[in-house]
Structures are given as structure tokens and as C-alpha cells.
Amino acid sequence: NDPQQAVRDSESPSAAPMEPADARLVLAGLPYLGQLFSTYLLCEHENELLIIDQHAAHERVMFERLRRAHGQSQLASQRLLFPVHLELDEKRLALLTEFESALHGLGFELKTFAGKTVALLAAPDLGQYGRGAAVHGEPERLVRMVLDELEEHGRSDALQKRDELLLATMACHGATRAGDVLD
């Protein structure tokens, strides 16, 4: 699933592993041959065929873009035409309150609506980081996945690791999937 591993595998066994930046340069310069089973990218490298998992490759690209953007400022978000109402349990409501600024930095705008209902007013515009020009089609699912990650890793002292887990979740959710036909 790792495009960098594909490049390393094509080299001699005694070669040192490539740095991520070096692997990106090699992959960016590979001749693209096509797509197989709407799941794999076919590329050529030194007269060998490389088969690259399109989801893993796109997820990595999106993660790097999200990480770079998040390090500089709040992630781009897009207001929803109609707010999405989410029913949350007490634990999730407490997470929303505790991590309000972190969620805002990830591009979410959430507002307590009534009781245990929260209105999602804006969601990260993942298209800014590599998949189209619109907010992801399932913003409610994305919020729930991020809340799951916050519940599991949110209280960690390692804030950078927590943020990277959240960004990885968002990258996975927004990346091209197996079965997606590429243009």
C-alpha cells in the first residue's frame, strides 16, 4: 500500500531506504501508464512495472498537504448550505466543548442547537487539499470519525501526535478510493 515501498522494492536490496522527499521526486517523474481495476496506478520505473495503491498514494499526498496547511493556520472550511444536525451522547458533547478550538482549527464549525443536538455549520474543505473543489459529501461521518479519534487519543500529552492522527483520519476519509475511476 505504500508508494515509497514500491520504489524501494524496485531498487537493489543493498540500497538504503529513500527519504520521503526523494521518493516523492521519483514517483512524480514516473511515466503513468494507466489504472488497473479502478484501484491501482500503473507506472514504469527503470523498465519495471510499478503497481501503486491509488488510495494509499492519494491519502499520503492529502495528509502531507493537510499537515503543511494545519501547521501554518486553520484549515480551509466550507459553510454548509443546510446545517447538519447531530445527536450526540454526553461524552461526545464534552469532547466538543473540550476540543472546540482544535476542531475549529481543523475546519469544523459546530454550534450547540438544543439538548444533545449539535448543528454542523461548516466542515473542512478537503477539496483544497486534493479531491475536487467541494466539502466532502459526508460531513457528519467525518465529524464522528474525528470525535472517535479525539476520544481515543485526544487527552494525549503529545499534541502533535494527536493532531497528526486527526489529519490522517481526514486524509483517509477524503482520499480517492478503490473503485474510483480516475480522469
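(A) Geometry of the overall build of the protein chain. The helix and strand inventory of the protein chain stands at seven helices and six strands. When the helices and strands of the protein chain are listed from N to C terminus, the series reads α-α-β-β-β-α-β-α-α-β-β-α-α. Expressed as a percentage of the 183 residues in the protein chain, the buried residues total 40%. Relative to all contacts within the protein chain whose residues are 6 or more apart in sequence, the contacts with residues 24 or more apart total 62%.

(B) Main features of the pattern of salt bridges. Enumeration according to the criterion identifies eight salt bridges in this entry. Across the salt bridge formed by R92 and E151, the nearest N and O atoms sit 2.9 Å from each other. Here E151 lies in helix α6 (residues 139–153) and R92 lies in helix α4 (residues 90–98), a separation of 59 residues in the sequence. Judged by its relative accessible area of 17%, R92 is buried. The exposure class assigned to E151 is partly exposed, which follows from its relative accessible area of 31%. Three or more residues joined by partner-sharing salt bridges are found here, namely K91, R92, D148 and E151.

(C) Broad picture of the packing of α4 against α6. Axis separation between α4 and α6 bottoms out at 10 Å; the angle between their running directions is 85°. The angle between α4 and α6 falls in the class roughly perpendicular. When α4 is examined against α6, the residues K91, R92, L95 and L96 are found in contact with a partner set consisting of R144, L147, D148, L150 and E151. Here the residues of the contact of α4 with α6 are counted per class, giving four nonpolar, no polar and five charged.

(D) Quick peek at the pairing of strand β6 (residues 117–124). The element β6 is largely enclosed, with a buried count of eight among its eight residues. In this structure, strand β4 (residues 77–87) lies alongside β6, joined through seven bridges in antiparallel fashion. Counted as the bridge partner of R79 is A122 from β6. Hairpin geometry of strand β5 (residues 109–114) and β6 is characterised by an intervening segment of two residues between the two adjacent antiparallel strands and by a positive phi of about 60° at G115.

(E) The nonpolar core, seen in detail. Of all hydrophobic cores here, the largest spans 29 residues; its most connected members are L106, F108, V146, L150 and M170. Per element, the largest residue contribution to this core is five residues, and it comes from α6. The residues touching F108, leaving out its near neighbours within four places in the chain, are L103, L120, A122, A123, P124, L142, V143 and V146. Formed by six residues, the second largest nonpolar core is a distinct cluster that contains L41, C43, L50 and I52.

(F) Geometry of the pairing of strand β2 (residues 40–45). Pairing of strand β1 (residues 32–36) with β2 involves four bridges; the strand directions are antiparallel. Across the sheet, G34 pairs through a bridge with L42, a residue of β2. A loop of three residues connects β1 with β2, the two strands running antiparallel in sequence, and F37 in this loop sits at a positive phi of about 55°. Linking two consecutive strands that pair antiparallel, namely β2 and strand β3 (residues 48–53), is a turn of two residues; a positive phi of about 50° is found at E46 within it.

(G) Spotlight on α6. Here α6 is 15 residues long and its end C-alpha atoms lie 21 Å apart, about the 21 Å a rise of 1.5 Å per residue gives. Listed as buried for α6 are P139, L142, V143, V146, L147, E149 and L150. On an axial view of α6, the arc spanned by its buried residues comes to 160°, and they lie on one face.

Calculation rules
- Residues numbered from 1 in each chain as written.
- Predicted model: local features only at pLDDT ≥ 70, side-chain atom pairs only at ≥ 80, totals over all residues.
- Heavy atoms only, no water.
- Helix = DSSP H or I, 4+ residues; strand = E, 2+ residues; numbered from the N terminus.
- Buried < 20%, exposed > 50% of the residue type's maximum accessible area, 1.4 Å probe, protein only.
- Contact = heavy atoms within 4.5 Å.
- Salt bridge = Lys/Arg side-chain N within 4 Å of Asp/Glu carboxyl O.
- Axes fitted to C-alpha atoms, helices over the stretch in contact; angles between N-to-C directions.
- Parallel < 35°, antiparallel > 145°, perpendicular 65-115°, else oblique.
- Nonpolar A, V, L, I, M, F, W, Y, C, P; charged D, E, K, R; others polar.
- Pairing = 2+ DSSP bridges.
- Core = buried A, V, L, I, M, F, W, Y, C linked by side-chain atoms within 4.5 Å.
- Expected span 1.5 Å × (residues − 1).
- Arc of directions from axis to C-beta.

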